[in-house]
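A structural walkthrough
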Amino acid sequence: MIKKIYYLIILSGSLLFGADYARAQDVISGVVKDESGQTLPGATVVEKGSARYALTDVDGKFSIAAAKEFPFTLQINITGFQQQEIEIYELTTEAVEIILKTANVLDEVVVIGYGEQKRKDITGSVASVPIEIKSQPVASVERLLQGSVAGAVVTQTSGQPGGGVSVQIRGNNSITAGSDPLYVIDGFPINNDYSVADAGVTDGSKINPLSSISTADIENIDVLKDASATAIYGSRGANGVVIITTKSGTKNKSSVNYDAYYGTQQVLRTIPLLNAAQWWQLRKDAAVNSGKTASIPSVTGYSLDTTGAGTDWQDAAFRKASIQSHNLSILSGSDKTKLAFSGNYFKQNGILQNTNFRRLSARVNLDHQYNDRFRIFTSLSASNTKANVAPTAIVGNLLQTPPALPVYQNDGSFVINSPFESALQNPINSLYNQLNETITNRFLGNISGEYTIADGLKAKILVGADIIGNKQNRYLPSTTAEGQALSGDAIVGSVFTSNWLNENTISYDKEINEKNKINAVAGFTAQVSETKGAVAEAAGFATDAFEYNNLATGITNIAPRSLASKWALASYLGRINYIFDERYLFTFTLRADGSSRFGEGKKWGYFPSAAFGWNVNEEKFFQQFKKVSLLKLRLSAGTTGNQNIPSYQSLSQLSYFRYNFSNTTVSGYAPNTVPNANLGWEKTFQVDAGIDLGLYKNRISIIADYYYKRTTDLLLTRTVPGTSGLSDFYNGQASVVYQNIGEVSNQGFELYVNSRNLEGAFKWNTIFIYSKNTNKILSLGDGVNQIIPVISNPSIAKVGYPLGSFIVYKTDGIIQHGETPLTPQQNKSPGGQKYQDINGDGVITQAGDRVVISNQPGFTTGLTNTFSYKGFDLTVFFQASIGGKLYNANRANLELATGYVNGSDVLLNRWSATNTNTEVKAAFQDPAITISDRFIEDATYYRLKNLSFGYTFPKTLLSKARIDNLRIYVSAQNPKTWTKYTGFDPEVSLNGQSLINKGIDQGVYPNNKSYQVGLSLTF
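Residues numbered from 1 in each chain as written. Predicted model: local features only at pLDDT ≥ 70, side-chain atom pairs only at ≥ 80, totals over all residues. Heavy atoms only, no water.

**Structural notes on the overall build of the chain**
To keep things clear, this is the line we draw: Only DSSP runs of H or I reaching four residues or more are called helices, and only runs of E reaching two or more are called strands; each is numbered from the N terminus. Restricting the calculation to C-alpha atoms gives the radius of gyration, and the globule rule supplies 2.2 Å times the number of residues raised to the power 0.38. Residues count as neighbours in contact if any of their non-hydrogen atoms are within 4.5 Å of one another. With residues, only the protein chains shown are counted as cover, and all accessible areas are computed by Shrake-Rupley using a 1.4 Å probe. The charged-residue count follows a simple rule in which Lys and Arg add positive charge and Asp and Glu add negative charge, with His and chain termini not counted at all. Working definition for charges: the position is that of NZ of Lys, CZ of Arg, CG of Asp or CD of Glu.
When helices and strands are tallied, the chain shows 11 helices and 53 strands. Since a compact globule built from 1019 residues should have a radius of gyration of about 31 Å, the 32 Å found for the chain is in line with a globular shape. When its C-alpha atoms are laid out on the principal axes, the chain stretches across 120 × 65 × 65 Å. Residue pairs in contact within the chain that sit at least 24 positions apart in sequence constitute 70% of those at least 6 positions apart. Approximately 44000 Å² of the chain is accessible, and the part contributed by carbon and sulfur atoms is 56%. Distance from the positive charge centre (90 side chains) to the negative charge centre (85 side chains) of the chain: 2 Å.

Here it is as structure tokens:
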């Protein structure tokens, strides 16, 4: 009886409600395909309005629990295809077939300044880093731009873990005011200023402030290049803008993601040097050729090897080093809230002993729709980094220390100094025993509220802060050459920078009718930055045990140092985008910036731009060209600015001096700089003409741009003559003054090609970029034709030549017996280096016989091929720089052939009485280096930048473990480089922060090649 009543209730419910209600065990099954009929694995199927979702398996199939009530909606998403929604009205035993259309790249939303736009509506030059490149395991975000963004030249200035990276977008616009782009991270604009995160204590490469950001957190990287795109940032957009957007939560879906990799690194190559016996023969030859006799210094506690292989200092210093990264993220959300949380641990041991970099970071992103009108955004990140830094002289010492010297004494302690004429420190002792660390804590965050005033009209207020605290510790123990004379030297320093931002904007986005659309934004922003720091030092310690932790025990007191600086920026901004009939696109932008860095009456700068775009493919007459899916012509012009100089440069500054009165030393202050009340903005005017072309339903996309930039009123430093009485005597520096003088131009061509070569089960995609930029100094001010910052370096800034060119003597073979020697060197014997007499006066002089040689590359390029088939994926990324030059200062030292230091193995072919047919000079005890074109080398290189092979497991294998996605992979970074350059690496620069001195290879921490295994796991 009870069973009959139960079945009656079930039957009655079915008759009463029909199919309007689903049972708990009811599921909807289906398959997702593309337009060609190929199944799509990895597509996300979400039940709209709930937290239920499913992922398609390797055959494109899915099953998802039915909603309690019919009808309900399924949303289907996968990268590269348009999102589709389907209504489910009833249960069916047949699989639902869902066909997705290929995504139209023109509908892709791109982040621009203070807003977003569809790519088809953009009038400026905007590039995005491809998804294939973003997955590379790199330490800092700038490295993802290399070879992936046309017009961006990225140079690794040091292989030090966490070390510096130099980025130029469309060339160098400035000379002494910096040329790196502005970075906007989740709406917060920052200059990657190394000084605000460096206390000035550590000796060696500066740690890159952007290395505090985990690349695993990044969702998109968009690069604004022309004036139309960058003018909204006015005073800060002259060098381009890199907009970084981090990952946000997901609506009605939750996931836990774990990404990790582990790998090993090794030096790209080592430099071939002489062994101990070869070096000793060189030393004897140099002495004999100089009329002297070589002798072995007297040493105690160890012996010198002059007959065998001796010490391979590079082998002792370089190592195979580990690198690892672990990133855990939780993405969640509901209809009104999206939440993302992530934590990252990154550790990179350096390829030089006892060097490393470690990062701990966490991020929270919140997007909450409070009600129909009010929305809140929050992006908060915090990081802690620590680096052990290689001292500056280490690489040079590794190359030059004589191989006859051992690493250790007989008792196992380190040898401290070389006993030969160049008293080089034992580099292995320095690496292991110097303490040289930098620790940085950084908080970067903002919170904003957006209120919808009316349809299409929104107001937004943002408040943010970037707070950086850097602590540096250095200790030179008495067991090292650097600390021996002082009986130990301890230095500690700290710098604290707080950067506050407030932005107030109002935007209007309205489709007035079918043919007229308008998008506008206007606002006011204010930013204030304050930096304070202090350094304390002591020497003369009874023990090394305390290191830097007890300065009071040092018997030698050294005067402490401190600093404080502050700057502020106030801005008004406005932009209007107008679209008529999807055919004609207009953009007008104006920004006004007031900077505290400039003189009274010169603080405000005004930066306008205008752009026009024509979607030719929307014209009726163009409809006959069926194979062309997109043809857009773009033209833009505008002005941007640069204020990247130290604070207070328009004012007269005081310096500390000591005075003597009646045999008593007293302290005092006096002016050390000349005030310049007329100091104002450095301005860059840019014109850009571009074409966007799409073929065969945009399976082939081509973007090409030509641009011309002219920077005027350069913020250029001039040295104040010593006769003025103005000098920083206490710090031992000449006084300089900033002036608005000089002009620089850049013009170039960029090409981007994206081709989906094969689609279906086997997919093949190719991305190719090409960039060529020509930089030229047009003026350095009245009466000035060139600037040579340091006479011992080859760098020069000269009118008519690119910034950072070289000025050198030209070699002319080797002096042979009976020849009249033409050389500036003291030694004029046969076997010496000859030089060309450029002005024909019969003598070689600095003023008359040096030539200027450009070092800028002819062009840079990148090629990325991505293949995928049934869960397998392969990415092959090549990057190249063609036509550039480097001055190999390491080689200049190693070919000196004095016998005081070690030498290159090319000295085995040096000139002698029995070997006169050679280009290598003879050995002489002449320690002066003559800067010549012999050491300027072709820096052209072709590099396999990234090779990655992975496999994504089928969903059917993962479903029982409740795993949504699992991918494992192996990858290689820089595994192969093709180049004729004889140094460690052709991708190098002495100092990325000095634009004049770029392109010099002198003791730079070498780059590495690495191999990793990794996995990506989603629950």
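Now, onward.
**What to know about the environment of Ile787**
Locating Ile787 in the fold gives a position in strand β40 (residues 786–787). When the C-alpha atoms of Ile787 and Val799 are compared, they prove to be 9.2 Å apart, with 12 residues separating the residues in sequence. Excluding residues within four positions of it along the chain, Ile787 makes contact with Leu716, Leu780, Ile796 and Ala797.

**Some details on the pattern of salt bridges**
Rules: The term salt bridge refers to a pairing of a side-chain nitrogen on Lys or Arg with a carboxyl oxygen on Asp or Glu at a separation within 4 Å. To sort residues, take the accessible area from a 1.4 Å probe on protein chains only and compare it with the maximum for the residue type: under 20% means buried, over 50% means exposed, and anything in between is partly exposed.
This structure, assessed with the given rule, holds 34 salt bridges. With a closest N to O distance of 3.5 Å, Arg363 and Asp217 form a salt bridge. Of the two residues, Arg363 sits in strand β20 (residues 356–369) while Asp217 sits in the loop between β14 (188–191) and β15 (218–224), which places them 146 residues apart along the sequence. Each member of the pair Arg363 and Asp217 is classed as buried. Close ionic contact of Arg583 with Asp581 constitutes a salt bridge, the shortest N to O distance being 2.9 Å. On the basis of relative accessible area, Asp581 is assigned to the partly exposed category, the value being 22%. Here the salt bridges do not stand alone but share partners, grouping Arg170, Lys225, Arg634, Asp688, Asp692, Asp705 and Glu750 into one network.

**Notes on a nonpolar patch on the surface**
To be explicit about the condition: For patch building, the residue pool is restricted to those with more than 30% relative accessible area and no salt bridge; the joining distance is 9 Å between like charges and 5 Å between nonpolar side chains (Val, Leu, Ile, Met, Phe, Trp, Tyr).
Together, Val256, Leu328, Ile330, Leu339, Phe341, Val364, Leu380, Phe443 and Phe1019 make up a nonpolar patch on the protein surface, roughly 680 Å² of accessible area in all. Put simply, the parts of the chain that give the nonpolar patch at least two residues each are β18 (321–333) and β19 (337–349). Relative to the assigned elements, Leu380 resides in strand β21 (residues 374–388). When its relative accessible area of 34% is taken as the criterion, Leu380 is described as partly exposed.

**Examining unusual backbone geometry**
With phi around 65°, Asn698 is a residue other than glycine that occupies positive phi space. Structurally, the position occupied by Asn698 is in the loop between β32 (682–695) and β33 (700–712). With a relative accessible area of 7%, Asn698 lands in the buried category. Positive phi is not limited to glycine here, since Asn974 has a value of about 55°.

**Things to note about the packing of aromatic side chains**
Using the following cut-off: Each Phe, Tyr or Trp ring (for Trp, its six-membered ring) is paired with any other whose centre lies within 6.5 Å, and the angle between the two planes then decides the class: stacked below 30 degrees, edge-to-face above 60, tilted in between. We count a charge as sitting over a ring when the NZ of a lysine or the CZ of an arginine lies within 6 Å of the ring centre and within 35 degrees of the ring normal.
Inspection of every chain in the model, using the stated rule, returns 29 aromatic pairs. Here Tyr578 and Phe586 contribute two aromatic rings whose centre-to-centre distance is 6.2 Å and whose plane-to-plane angle is 25°, an arrangement assigned as stacked. For Tyr578, a relative accessible area of 28% translates into the label partly exposed. Ring pairing ties together the aromatic residues Phe762, Trp764, Phe867 and Tyr869, which thus form one cluster. A cation sits over an aromatic face here: Arg597 above Trp567, 4.6 Å from the ring centre. The positively charged end of Arg943 is found above the aromatic ring belonging to Tyr941, 5.1 Å away from the centroid.

**Things to note about the nonpolar core**
Here is the rule we go by: Residues grouped as a nonpolar core are buried Ala, Val, Leu, Ile, Met, Phe, Trp, Tyr and Cys residues, joined through side-chain atoms within 4.5 Å.
Counting 34 residues, the largest nonpolar core has Trp279, Leu282, Phe318, Leu352, Leu398, Ile428 and Phe984 as its most contacted members. Going through the elements one at a time, α4 (276–289), α5 (313–317), α6 (394–400) and α7 (427–433) are the ones with two or more residues in this core. Discounting residues that sit within four places of it in the chain, Ile428 has contacts with Trp313, Ala316, Ala317, Leu398, Val407 and Phe414. Counting residues in hydrophobic clusters, the runner-up holds 28 residues, among them Val129, Leu144, Val167 and Ile213.

**Some details on the sheet that holds strand β4 (residues 61–65)**
What counts here: By this definition, two strands are paired if DSSP reports at least two bridges between them. Between the N-to-C directions of two axes lies an angle of 0 to 180 degrees, each axis being a line fitted to C-alpha atoms and, for a helix, fitted only over the stretch in contact.
Spatially, β4-β1-β7 is the arrangement adopted by the 3 strands of the open sheet, whose pairing is mixed. This sheet does not close on itself; its edge strands, each paired only once, are β4 and β7 (96–100). Neighbour to neighbour, the strand axes of the sheet diverge by 30° on average, direction disregarded. Summarising the sheet, strand β1 (residues 27–34) and β7 pair through 5 bridges and their orientation is parallel. Following the sheet pairing, Val31 is matched in β7 by Glu97.

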